[in-house]
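This is what each chain is made of:
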Amino acid sequence: MRLIGVRDAPLSVDEVFAAVGAPGAGGVAVFAGTVRDNDHARAVTGLAYSAHPSVEQELRAVAEKVAADYPVLALAAVHRVGDLRIGDIAVIVAVSCPHRAEAFAACRRLIDDLKAHVPIWKHQTFADGGDEWVGAC
């Protein structure tokens, strides 16, 4: 694992991609999750992410499991907290492996497990004045 973190500042795809560079990598898969302007047919005006104090420990545990289950050469995962706007990057994960199929599979598992197990919560606000808390785990 080359880069694991939770930040209250904008995230960089270039930084995460660079973190997983490896001479033996035949495949690098990167996923960036962005804030969209709608959810369940409701217009979203913004959102805020918050995290439990154990968030980096839990993120590391998820990443270690992915690295143990796939032939990962390098792995990176960063998530943003705080107030985000439509179009902002909320999360970036990347994995390098010897082959592309392995990289795709490991990257998908990393983001899916992050969403399922890492204690990060999303508070969405809607154009109709409503709001909603969504738990990532």
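Everything below is about the structure shown above.
Chemist: Looking at this structure, I do not really get the overall build of the protein chain. What am I missing?
Modeler: Assigned secondary structure in the protein chain consists of 3 helices and 9 strands. The helix and strand sequence of the protein chain, counted from the amino end, reads β-α-β-β-β-α-β-β-β-α-β-β. Over its C-alpha atoms the protein chain spans a radius of gyration of 15 Å, differing by no more than 12% from the 14 Å that the globule rule assigns to 137 residues. Along the longest, intermediate and shortest principal axes, the C-alpha atoms of the protein chain span 50 × 25 × 25 Å. Across the 137 residues of the protein chain, 42% fall into the buried class.

Chemist: Would you explain the packing of helix 2 (residues 55-69) against helix 3 (residues 100-117) in this entry?
Modeler: Helices that pack against each other are described as a pair by the angle of their axes relative to one another and the distance between those axes. Put simply, helix 2 and helix 3 touch, their axes get as near as 10 Å, and they point 150° apart. Here helix 3 runs roughly antiparallel to helix 2, going by the angle between their axes. Helix 2 and helix 3 meet at a crossing whose hand is right-handed. Across the interface between the two elements, Glu-58, Leu-59, Val-62, Ala-63, Lys-65, Val-66 and Asp-69 of helix 2 pack against Ala-106, Arg-109, Leu-110, Asp-113, Leu-114 and His-117 of helix 3.

Scoring rules and cut-offs
- Residues numbered from 1 in each chain as written.
- Predicted model: local features only at pLDDT ≥ 70, side-chain atom pairs only at ≥ 80, totals over all residues.
- Heavy atoms only, no water.
- Helix = DSSP H or I, 4+ residues; strand = E, 2+ residues; numbered from the N terminus.
- Rg over C-alpha atoms; globule rule 2.2 N^0.38 Å.
- Buried < 20%, exposed > 50% of the residue type's maximum accessible area, 1.4 Å probe, protein only.
- Axes fitted to C-alpha atoms, helices over the stretch in contact; angles between N-to-C directions.
- Parallel < 35°, antiparallel > 145°, perpendicular 65-115°, else oblique.
- Left-handed = near helix turned anticlockwise from the far one by under 90°.
- Contact = heavy atoms within 4.5 Å.

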